[in-house]
Amino acid sequence: MPQTLPAFVINLDRRPDRLERIGEHLAERGVSFQRVPACDARSVAEERIARVVAPHGPLGQLGQGDRACTVSHTLAWEQFLESPASHGMFLEDDIYLAGDLMQILAHADWIPPETHAVKLEKYGDGASRLLLGRKIGQTPSGRALHPMCSRHVGGGAYILSRAGARAALDWRGRIRVPVDHFLFNDTVSPLRRVLRPAMVVPAMATQRAYDYNSDIAAMGKAVRPKGWRKTLRTLRRGGNEINQSPRQILQYLTGRARLMDVEFAETPPATTDSRR
């Protein structure tokens, strides 16, 4: 089965151990990839980061690690657009991928034309209850594809169309949230409506398979304020959530979306239900 969708792995120069690990993992899956040298928060100049992502946004002050990570993803999108491929898969180097990975990379016919982002990763441990739309397709191996109607972050593994990558890059310099929120959080991202992302169910990627320490934790994620600043940030986040509630409630009550428990699965379901 030939691979037609390119895979891009984001990896820091100072972490050859991670590159070796994911290289072996993808080789086991029969998948070739291109390495994307990551932007290093320890050494990058503020000027370079500021050309892509702001230091403040709806989630508060962003840590240097999150900002550098966002820059790294934009570099991967640029590299993808240099290829002739219709879609590309983007991976962080601590991801673990299911056994049917190669089947989704053989062609992009399974991705609806109006869907410009496909989330492969289930973020966090265990199952997450998500509001998802009616099934719009499935992977070649039988995993369902559902439109995302609520936020679910994590940027470890996803697919973008060319139009999706171009739309995301058009926001360089105006991005105000970490990359996973930029792609998959409808409460704070102006891009998400354009991408119309869908999620693979059950998920086929997880960042919980290895005991890696985060390379950006020491540089901080969104900085946690104290006192009145903390209260203000909480109110802003709550307001963002409330703004989406009427739409989500309507989708749920009219049957256009339902709550589903989503978790990672090493193998696709044995049988599929076209109504799910």
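Everything here concerns the structure above.
Presented here is an overview of the structure given in this document.

Rules behind the numbers
- Residues numbered from 1 in each chain as written.
- Predicted model: local features only at pLDDT ≥ 70, side-chain atom pairs only at ≥ 80, totals over all residues.
- Heavy atoms only, no water.
- Core = buried A, V, L, I, M, F, W, Y, C linked by side-chain atoms within 4.5 Å.
- Buried < 20%, exposed > 50% of the residue type's maximum accessible area, 1.4 Å probe, protein only.
- Helix = DSSP H or I, 4+ residues; strand = E, 2+ residues; numbered from the N terminus.
- Contact = heavy atoms within 4.5 Å.
- Axes fitted to C-alpha atoms, helices over the stretch in contact; angles between N-to-C directions.
- Parallel < 35°, antiparallel > 145°, perpendicular 65-115°, else oblique.
- Left-handed = near helix turned anticlockwise from the far one by under 90°.
- Pairing = 2+ DSSP bridges.

A look at the nonpolar core
So, point 1. Among the nonpolar cores identified, the biggest contains 43 residues, and Trp77, Phe90, Leu160 and Leu183 are the most heavily contacted of them.
So, point 2. Counting only elements with at least two residues in this core, the list comes to β1 (7-11), α3 (64-81), β8 (128-133), β11 (157-161), α5 (162-169), α6 (179-184), β12 (198-201) and β14 (257-262).
So, point 3. Among the elements that make up this core, the one with the highest residue count is α3 (five residues).
So, point 4. In contact with Phe90, not counting residues within four places along its chain, are Phe8, Ala76, Trp77, Phe80, Gly156, Ala157, Tyr158 and Leu160.
So, point 5. Membership of the second largest hydrophobic core comes to 27 residues, among which are Val31, Leu97, Ile111 and Ala157.

Looking at the packing of α3 against α5
So, point 1. In contact at an axis separation of 10 Å, α3 and α5 are set at 135° when each is read in the N-to-C sense. Classified by the angle between their axes, α3 and α5 sit oblique to one another. For the crossing formed where α3 meets α5, the hand is left-handed. Seen from α3, the contacting residues are Thr74, Trp77, Glu78, Phe80 and Leu81; seen from α5, they are Arg162, Ala165, Arg166, Ala168 and Leu169.

Description of the sheet that holds β11
So, point 1. Across the sheet, which stays open at both edges, the eight strands sit in the order β2-β1-β5-β11-β7-β12-β10-β9 with mixed pairing between neighbours. Every other strand in the sheet has two partners, leaving β2 (34-37) and β9 (137-138) as the edge strands with one partner each.
So, point 2. The sheet strands contacting helix α1 (residues 16-28) are β1, β2 and β5 (87-92), and the helix crosses β1 at an angle near 160°.

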